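Here is what each chain is made of, one letter per residue.
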Amino acid sequence: MDFNVKKLASGAGVFFTRAVQFTEEKLGQAEKTELDPHLENLITRADCTKNWTEKILRQTEVLLQPNPSARIEEFIYDKLDKKLPSRTTNPELLGQYMLEAANEFGPGTPYGSTLITVGEYQKRLGGAERELLQTSAATFLTPLRNFLEGDWRTISKERRLLENRRLDLDICKARLKKAKQAEAKAALLSEEVDKAEHELRVAQTEFDRQAEVTRLLLEGIGSTHLNHLRCLQDFAEAQATYYAQCHHYMQDLQRELNKCANSVSTPHPTAAVCPDPDHLSAFLSGPSSPVATVSSSSSQRPSKLDMEQTQLPVTGSRKAKVLYDYDAHDASELSLLADELITVYTVPGMDPDWLIGERGNQKGKVPVTYLELLS
């Protein structure tokens, strides 16, 4: 018990002495041993790494999980070392609501069947988002946290120890200086000076050893940067995969919705579904057409040459580049190959989501979303 009390008192005395030395240095009343410039640069670089790692980690968490309550829950489970319960993503929840609504309205109705189609794709988007969250947490967030909670804590501990060794060294320097001044005035015996010099040598040795340990740890920051670089590449790859999946799902969804629209739509008084090009030509060459050139009294079907001459004037005829492959669903549509160039135009009353495409002697409807219109 006596030993513990003495040790506690000794520790309190050392702490007090260091505090006095630190305060006097701040007030400019005591000299301070400066660290090696290389070591100072390593410390500055390490602090910069720690600060930006914290900011990037926090903002990535916000990006992946915008809900603050959910982030707090994840933090608590992580600290308790417990597995976080599976959470439904927002697209998955939206998809589930759509499926339930479809059952209420009737799966066989146009609205209900469309709700089912969109709902299923929303659930697929939610699944892709879940994969992004899991991959990003494992390959990016976890390594950043491990650095802050592992390597950085070790570095901080050694830096605090180095600071204590520096304060002890400066205290010994101050004692030796005072001892020499007292010896000069014959107020102190030479053995006191020898004791102060011995303490200074010991303090210098401990400081140099701790400075070397700290330097080695700080130089390891370079390896940390390389590790974070690989993690950053993995994170970018996970995002690229996620957005590619989303793009693919939305393209499929558009095709499904176009099929649904073609199968359930009814003719509108001011709009008509684009017919087969031959039938369109025959219709436009009829007596009711504003551009008909054949006589209204003619009872014979116009020839192919007459049909070509009596086509409805194209509106905004221009070149277009095909972005994706497209398979025609019926005889009125034109199949497309990615990267090919075709001529497109529209006709009055035509669905704005479609254009008439022309490739040589082939004509047919093509979806606008599959094209890049060229000037």
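Structure: see above.
Just so it is clear, the model here is predicted, and its values are computed rather than measured.

Student: Hey, could you run me through the overall build of the protein in this one?
Tutor: Along its length, the protein carries 9 helices and 5 strands. Listed N to C, the secondary structure of the protein is α-α-α-α-α-α-α-α-α-β-β-β-β-β in terms of helices and strands. Scored against the burial criterion, the 375 residues of the protein give a buried share of 31%. Long-range pairs, those at least 24 residues apart, make up 66% of the contacts in the protein with a sequence separation of at least 6. Working note: accessible area of the protein is about 24,000 Å², and carbon and sulfur atoms make up 56% of it.

Student: It is not clear to me how the pattern of salt bridges should be interpreted in this structure. Could you clarify?
Tutor: It is possible for side chains of opposite charge to pair when their charged atoms get near one another. A full pass over the atoms with the stated rule returns 15 salt bridges. Linking Asp-170 and Arg-166 is a salt bridge whose minimum nitrogen-to-oxygen distance equals 2.6 Å. Of this pair, Asp-170 and Arg-166 both sit in helix H5 (residues 110-184), 4 residues apart, which is roughly one turn of that helix. Residue classification places Arg-166 among the buried positions, given a relative accessible area of 2%. In this structure, the salt-bridge partner of Arg-255 is Asp-252, at a minimum N-O distance of 2.2 Å. In this pair, Arg-255 and Asp-252 both sit in helix H7 (residues 221-264), 3 residues apart, roughly one turn of the helix. We classify Arg-255 as partly exposed; its relative accessible area is 26%. The exposure class assigned to Asp-252 is buried, which follows from its relative accessible area of 16%. A single network of salt bridges, built from pairs that share partners, joins Arg-18, Arg-165, Asp-168 and Glu-206.

Student: I would appreciate a short explanation of helix H6 (residues 190-219) in the present structure.
Tutor: Taking 1.5 Å per residue as the helical rise, H6 with its 30 residues ought to reach 44 Å, and the 43 Å between its terminal C-alpha atoms agrees with that figure. Along H6, the residues classified as buried are Val-193, Ala-196, Leu-200, Ala-203, Phe-207, Gln-210, Ala-211, Thr-214 and Leu-218.

Student: Where do I start with the side chain of Glu-333 in this structure?
Tutor: Of note, Glu-333 is situated in the loop between strand S1 (315-322) and strand S2 (341-346). Among buried charged residues, Glu-333 stands out as having no salt bridge; its nearest opposite-charge side chain is Lys-365, 4.8 Å away. Of note is the side chain of Glu-333, whose polar atom sits 2.7 Å from the side chain of Tyr-326.

Student: Would you mind going over the side chain of Glu-340 with me for this structure?
Tutor: For Glu-340, the location among the structural elements is in the loop between S1 and S2. With residues near it in sequence (within four places) discarded, Glu-340 still touches Ala-320, Lys-321, Val-322, Ser-335 and Arg-359.

Student: Can you help me understand the nonpolar core in this one?
Tutor: Nonpolar side chains tend toward joint burial in soluble globular proteins. Ranked by size, the top nonpolar core spans 42 residues in total, and within it Leu-35, Leu-39, Phe-140, Leu-162 and Leu-218 carry the most contacts. For this core, the secondary structure elements donating two or more residues are helix H2 (37-64), helix H4 (90-105), H5, H6 and H7. Ranked by residue count, the leading element in this core is H5, at 18 residues. Aside from chain neighbours lying at most four places away, what touches Phe-140 is Ile-56, Thr-60, Thr-135, Cys-231, Leu-232 and Phe-235.

Student: Can you walk me through the packing of aromatic side chains in this structure?
Tutor: The relative placement of two aromatic rings is captured by the distance of their centres and the angle of their planes. Inspection of every chain in the model, using the stated rule, returns 6 aromatic pairs. Their ring planes at 90° and their centres at 5.8 Å tell us that Tyr-324 and Tyr-370 sit as a pair that is edge-to-face. Residue Tyr-324 is found in the loop between S1 and S2, and its partner Tyr-370 is found in the loop between strand S4 (362-367) and strand S5 (371-373); the two are separated by 46 residues along the sequence. With a relative accessible area of 29%, Tyr-324 lands in the partly exposed category. On the basis of relative accessibility, which here comes to 1%, the residue Tyr-370 falls in the buried class. By the ring-pair criterion, three or more aromatic residues cluster together here, those being Tyr-324, Tyr-326 and Tyr-370. Note that Arg-124 overlies the ring of Tyr-121, its terminal NZ or CZ placed 4.5 Å from the centroid. Over the ring of Trp-354 we find Lys-365, and its NZ or CZ is 5.0 Å from the ring centre.

What counts, and at which threshold
- Residues numbered from 1 in each chain as written.
- Predicted model: local features only at pLDDT ≥ 70, side-chain atom pairs only at ≥ 80, totals over all residues.
- Heavy atoms only, no water.
- Helix = DSSP H or I, 4+ residues; strand = E, 2+ residues; numbered from the N terminus.
- Buried < 20%, exposed > 50% of the residue type's maximum accessible area, 1.4 Å probe, protein only.
- Contact = heavy atoms within 4.5 Å.
- Areas by Shrake-Rupley, 256 points an atom, 1.4 Å probe, with all protein chains shown as cover.
- Salt bridge = Lys/Arg side-chain N within 4 Å of Asp/Glu carboxyl O.
- Expected span 1.5 Å × (residues − 1).
- Lys, Arg positive; Asp, Glu negative; His and termini not counted.
- Polar contact = N/O pair within 3.5 Å; in protein donor to acceptor, adjacent residues only side chain to side chain.
- Core = buried A, V, L, I, M, F, W, Y, C linked by side-chain atoms within 4.5 Å.
- Phe/Tyr/Trp six-rings, centres within 6.5 Å; stacked < 30°, edge-to-face > 60°.
- Lys NZ or Arg CZ within 6 Å of the ring centre and 35° of its normal.

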